[in-house]
Amino acid sequence: MTEFTPLASLIGGALIGLSAVLLMALEGRIAGISGIASRLLPPIDERFAARLAFIVGLVAAPFAVEAVTGEPVLQTVSSNIPLMIAAGFLVGFGAVLGGGCTSGHGVCGLSRLSVRSFVATLTFMATAFVTVFIVRHVIGG
Amino acid sequence: MSVVINLLLGLLFGVGLVISGMGNPAKVLNFLDLAGTWDPSLAFVMGGAVVVTFVGYRLAFRRDRPLFDAAFHLPAKKDVDRQLVTGAALFGIGWGLGGFCPGPAFVAIGLAQPGTLVFVPAMLLGMWAARRFAQKLA
């Protein structure tokens, strides 16, 4: 069980949106994390330092939250190593092949009313729901 | 200048992920578990993010260019093709297995759980492989 947190989730979501809006207004770029991360891989272009800085900001975020609130950021990550390796590969491969992930398609793309992003978001939501159902209620049940 | 902007916006994005709960794979997996311990919080993350972005983009696009660049860099592709659907489908399977998508995975690196520390390199390898694969198709 995890606690239902509508207000914190809404505020957190709004901050994600604010970051996406500012990146577009200031630099004209889509805040898609898979796009930013995958373009750090060779060949390296002139946006390398900016993209790396964005990722460094992401990595620093939980420490900033801990510094402000004085409380540790808690999370539960599966310790099934083969599963997490497979999951990571599928997430990386699928996001780049499909041209985006939860942020690029799910937030920025939907907000631009992109048909591609609507199709991608519906598709990955559907396969994610089915995957969890199979893992928890077919195999695990 | 661009480095400072991106650092701060990455931090803002990451703080949003932490506060929203989306940085926690257990919460993501419970959102995806409609038939079990369903936690609807993530719908509020998506909702908050999309509403702000939808309105904010409209304000941003009133100008004919961003503040610090000559033009907006928007995706040129418009057609729904097999690559889009296949990629999204695989992405969703991986998301459902691990509870991480790329943003939360980077946010979680410093918390150094073993599952995260193998997920991120595997994700980068997957990204690299997909770029190779897509180049072959093209």
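Quick caveat, the model's predicted, so the values are computed rather than measured.

1. Some details on a nonpolar patch on the surface
Among the surface-exposed residues, L113(A), F118(A), V51(B), F54(B), V55(B) and L59(B) lie close enough to one another that they form a single nonpolar patch of about 540 Å² accessible area. Considering the arrangement of structural elements, one finds L113(A) in the loop between α5 (102-111) and α6 (115-139).

2. Details of the UniProt feature "transmembrane region" (unreviewed entry) in chain B
Residues and elements named next belong to chain B. Here the UniProt-annotated "transmembrane region" (unreviewed entry) positions come out as residues 41-61, 82-100 and 106-130. Taken end to end, residues 41-61 comprises 95% helix and 0% strand; its first and last C-alpha atoms sit 30 Å apart. Here residues 106-130 is 80% helix and 0% strand, with 19 Å between the C-alpha atoms at its ends.

3. Brief notes about the interface of chain B and chain A
At the junction of the two partners, chain B supplies 105 residues and chain A supplies 103 residues. Across the chain B/chain A interface, buried area totals approximately 9,500 Å², and carbon plus sulfur atoms make up 75% of it. Three residues, F13(B), Y57(B) and R131(B), lead the burial of chain B against chain A; their summed loss comes to 8% of the area buried on that side. Linking chain B to chain A there are two salt bridges.

4. Considering the UniProt feature "transmembrane region" (unreviewed entry) in chain A
Residues and elements named next belong to chain A. What UniProt calls "transmembrane region" (unreviewed entry) maps, in this numbering, to residues 6-27, 48-69, 81-101 and 113-135. Summarising residues 48-69: 100% helix, 0% strand, and an end-to-end C-alpha distance of 32 Å. Taken end to end, residues 113-135 has its terminal C-alpha atoms 33 Å apart, with 91% of it in helix and 0% in strand.

5. A word on the environment of G47(B)
Residue position: G47(B) is located in helix α3 (residues 41-60). With a relative accessible area of 29%, G47(B) lands in the partly exposed category.

6. Describing unusual backbone geometry
Residue P43(A) is reached from P42(A) by a cis peptide bond, and omega for that bond is 0 degrees. Relative to the elements of secondary structure, P43(A) occurs in the loop between α2 (33-38) and α3 (48-69). For L113(A), which is not glycine, the phi torsion reads 55 degrees and is therefore positive. Positive phi, close to 55 degrees, is recorded for A112(B), a residue that is not glycine. Tracing the chain through its elements places A112(B) in the loop between α5 (102-108) and α6 (114-137).

Rules used in this analysis
- Residues numbered from 1 in each chain as written.
- Chains lettered and ligands numbered in written order.
- Predicted model: local features only at pLDDT ≥ 70, side-chain atom pairs only at ≥ 80, totals over all residues.
- Heavy atoms only, no water.
- Patch = residues over 30% accessible without salt bridge, like charges linked within 9 Å, V, L, I, M, F, W, Y side chains within 5 Å.
- Areas by Shrake-Rupley, 256 points an atom, 1.4 Å probe, with all protein chains shown as cover.
- Salt bridge = Lys/Arg side-chain N within 4 Å of Asp/Glu carboxyl O.
- Helix = DSSP H or I, 4+ residues; strand = E, 2+ residues; numbered from the N terminus.
- UniProt positions renumbered as here; feature names shortened; annotations may be inferred.
- Contact = heavy atoms within 4.5 Å.
- Buried area = accessible area lost by both parts, 1.4 Å probe.
- Buried < 20%, exposed > 50% of the residue type's maximum accessible area, 1.4 Å probe, protein only.

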